[in-house]
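# Summary of the model geometry
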Amino acid sequence: MPKERPLWRGAAFRLCLLSAALFLCLQLGIRRSWCPEEKPRGAAAVRAPAPSRGAEQRPGAAAAAAAGGGRRRVTYVRSGRRGSAAPACCAPQPPGSRRKTVRWHIELQPWASPTPSLNYEASRFLKYISTSQISCEHMNLNSLKGYSKTTKKPWSVCLDERFSLIHRIRSKQCRLYSLGLGNDDRQFELGMAMSGCEVHRFDPSARAAHVQEGPRLWYHRLSIDWRDPNPAIAARRLHGTTKKLGTVLNEFGHQKIDVLKADVESAEWKILENLILEDVVEQIGQLVFEVHIHWPGFEVSGNDSTVVRYWYSLLRELELKDFRLFHTYKDLSKPQMFLKKEAFNASSCYTLSWVNTRWK
Ligand SMILES: *[C@@H]1O[C@H](CO)[C@@H](O)[C@H](O)[C@H]1NC(C)=O
Ligand SMILES: *[C@@H]1O[C@H](CO)[C@@H](O)[C@H](O)[C@H]1NC(C)=O
């Protein structure tokens, strides 16, 4: 009966207290380089026991690890929500949140063939993006109240009852983030706003920092990037800030995005990588991305086979996170190019839609 608490529970409680104390201490340590009962400041030069690869690049994490003074090994997890380093602790976590670990690289899939070859990489990749992984019956926004016009591009979302989007639309809790570059048509955004979603459009050409264009439609003069800008540069720039999606979510106080639409002219690969590495993708219900394959994309390097393997690996990461491709569209109106060549009967541009089957 509850009279005797098992030993381990006592120990766990003490450990929790200890961690909480350490956490507080570290917080102070970071801010003021002052920490009771820790090694003096010089200890900051001591390399922490086992910093994760690349930790040195993150001043916060490195400083925190150093402040720990090698005495105790602290695991740093990065919560996608806060976007800052915080020690793993037994503090109660809000329901649904998971521990998030920092990753610096995506897992590359094995080559498609024993010796790397563009033919094999391309056919594996093209087959992958042309094959739905889950069926979706209702993709037509016309079925929604207040939505009548047809969009030029198939920005398909899945409105089947088994996924939450349709329910969130009905209860007016739905939120769409749309990343774009100003010149594309906005039918999809207007339609979603009319049907009850809160729509945030991120567009560097917006006429002011934040503009409300309709009852549920906002424009933000921001472009979503795969890294936050160097603060020195950001301060000098008057307009056109770039930010990571995770940063924007934190700043807006949004925990979930029902639909993320992206038409970002080849920045999608690095943005997707960032969303995966920081686990931001888990906060998203459906993804509708235009992907561009006529060139490797911003900051994607390597020979052609390497590039295609990287694209493929990114999409496999999504699958690993239980995203399923339910719609794929090959844009025949765009140049039919694949890595600067007319090859493989590929288009330079595909629109792909995924549903996060874990998402509630
Ligand atoms: C491309 O680069 C990779 C890694 O650097 C190499 O292993 C591969 O042989 C190269 N592929 C081709 C087709 O040149
Ligand atoms: C090339 O792609 C088009 C459009 O997807 C398709 O109709 C056609 O059959 C393909 N041609 C070949 C040779 O695979």
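Residues numbered from 1 in each chain as written. Chains lettered and ligands numbered in written order. Predicted model: local features only at pLDDT ≥ 70, side-chain atom pairs only at ≥ 80, totals over all residues. Heavy atoms only, no water.

### Structural notes on the nonpolar core
Grouped together as the largest cluster of nonpolar side chains are 51 residues, with contacts concentrated most on Phe125, Leu245, Leu260, Trp269, Leu287, Trp311 and Phe338. With eight residues, the top contributor of residues to this core is helix α9 (residues 304–320). With near-sequence residues (within four places) excluded, Phe125 lies in contact with Trp269, Ile293, Val308, Trp311, Tyr312, Leu315 and Phe338. (Core = buried A, V, L, I, M, F, W, Y, C linked by side-chain atoms within 4.5 Å. Buried < 20%, exposed > 50% of the residue type's maximum accessible area, 1.4 Å probe, protein only. Helix = DSSP H or I, 4+ residues; strand = E, 2+ residues; numbered from the N terminus. Contact = heavy atoms within 4.5 Å.)

### What to know about the sheet that holds strand β9 (residues 257–262)
Pairing between sheet strands relies on hydrogen bonds along the backbone, with the strands arranged either parallel or antiparallel. If you trace the eight strands from one edge of the open sheet to the other, you get β5-β6-β4-β3-β9-β10-β12-β11, paired in mixed fashion. If you trace the sheet from one side to the other, it starts and ends with β5 (210–214) and β11 (323–330), each paired once. Neighbour-to-neighbour, the strand axes of this sheet turn through a mean angle of 15°, independent of strand direction. Looking at chain direction, strand β4 (residues 198–202) and strand β6 (residues 217–220) are connected through four bridges and run parallel. Looking at β6, one finds that Phe202 is bridged to His220. Across the sheet, helix α8 (residues 268–277) touches β9 and β10 (284–292), and the angle it forms with β10 is around 155°. Strands β10, β11 and β12 (349–356) of the sheet are contacted by α9, whose axis makes an angle of about 135° with β11. (Pairing = 2+ DSSP bridges. Axes fitted to C-alpha atoms, helices over the stretch in contact; angles between N-to-C directions.)

### Describing the pattern of salt bridges
According to the stated counting rule, one finds 23 salt bridges in the structure shown. Put simply, Lys244 and Glu278 hold a salt bridge, and the shortest N to O gap is 2.7 Å. Highlighted residues: Lys244 in strand β8 (residues 241–244) and Glu278 in the loop between α8 and β10, separated in sequence by 34 residues. In this pair, the class of Lys244 matches that of Glu278, namely buried. (Salt bridge = Lys/Arg side-chain N within 4 Å of Asp/Glu carboxyl O.)

### Notes on the environment of Tyr329
Following the sequence through the fold, Tyr329 ends up in strand β11. The partly exposed category is assigned to Tyr329, whose relative accessible area is 30%. Sequence separation between Tyr329 and Ile129 is 200 residues, and the spatial gap between their C-alpha atoms is 8.8 Å. Apart from residues lying up to four places away in sequence, Tyr329 is in contact with Pro154, Cys349, Tyr350 and Thr351.

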